[in-house]
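Single-letter residue listing:
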Amino acid sequence: MKERLEAYAELLERYAASANLVSPKVLAELPRHFEAARAYGAVLPEGVHVLDVGSGAGLPAVPLAIARPDLSLTLAERRAKRAAFLDLVTARLGLQNVRVYNGDVQQWTGRTAYVTAQAVAPFDVVYRLVVHAADYPLTLIARKGPGWREEAERLGAEVFHVKPLGPGAELVALRLEAPR
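Each chain has its residues counted from 1, running along the sequence as written. Only residues with pLDDT of 70 or above have their local features reported here, since the model is predicted, and side-chain atom pairs are shown and tallied only from 80 upward, although totals for entire chains, interfaces and linings are computed over all residues. Side-chain calculation: all heavy atoms of the structure are included, whereas hydrogens and water are not.

K.L.:
It is not clear to me how the pattern of salt bridges should be interpreted in this structure. Could you clarify?
P.N.:
Between side chains of opposite charge, a pair can form when the charged atoms approach closely. By convention in these notes, a salt bridge is any Lys or Arg side-chain nitrogen within 4 Å of a carboxyl oxygen on Asp or Glu. If you walk through the whole model with that rule in mind, you get ten salt bridges. For glutamate 29, the salt bridge goes to arginine 32, with nearest N and O atoms at 2.4 Å. The classification of residues rests on relative accessible area computed with a 1.4 Å probe and restricted to protein chains. Under 20% of the type maximum is buried, over 50% is exposed, and intermediate values are partly exposed. Overall, glutamate 29 belongs to the partly exposed group, its relative accessible area being 24%. Between glutamate 151 and lysine 144 there is a salt bridge; the shortest N-O distance is 2.8 Å. The same class applies to glutamate 151 and to lysine 144, which are both buried.

K.L.:
Explain the packing of aromatic side chains here, please?
P.N.:
Centre distance and the angle of the planes are the two values used to describe a pair of aromatic rings. Geometry of aromatic contacts follows a simple scheme: Phe, Tyr and Trp rings, the Trp one being its six-membered ring, pair when their centres are within 6.5 Å, and the pair is stacked under 30 degrees between planes, edge-to-face over 60, tilted otherwise. Applying the stated criterion to the full structure yields two aromatic pairs. In this scheme, Lys NZ or Arg CZ marks a charge over a ring once it lies within 6 Å of the ring centre and within 35 degrees of the ring normal. Between lysine 144 and the ring centre of phenylalanine 123, over which it is positioned, the NZ or CZ distance is 4.7 Å. The ring of phenylalanine 160 has arginine 175 sitting right over it, with the charged end atom 3.9 Å from the ring centre.

Structure below.
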């Protein structure tokens with residue numbers, strides 16, 4: 001696992017600027033991001049499918065796929081350069097449990113009961129993006145800053161997991177039992 005995370009970090013560093021993947025600050029804080037990905041994994045049951053919305057450079061999805069090979073992940077990324085980077089990472093790291101979807105997540109034709117969305121949008125907006133593909137109960141998981149409680153209330157979702165991830169950030173998991 002450690003070797004794959006190091007290889008992923010090297011790919012991020014190599015392509016960060018040319019593919020507009022992450023900022024130098026994110027690169028400097030990769031261990032913290034890898035730890036946050038493990039926190040996502042602690043919420044997910046064994047063997048489930050996860051749709052990662054707005055995968056970008058692959059945080060948290062790639063470290064999650066490395067740490068949890070029992071999961072099946074679809075990384076949805078609409079920007080072609082970033083999707084190409086995710087394809088490269090998937091191939092180079094031999095991540096058999098990852099599929100990259102290059103397109104608008106609203107056009108994705110799969111089904112899922114687990115959605116991750118880091119730095120994408122408020123929970124209610126993410127839900128609107130994936131409602132067409134939702135299996136219920138649906139779980140939404142995201143790294144959030146202050147204000148997430150209002151997001152959960154707007155959506156009318158049950159908050160069932162909150163874990164501090166450092167200053168001003170928490171991992172939050174919501175459950176929706178039925179369509180909203």
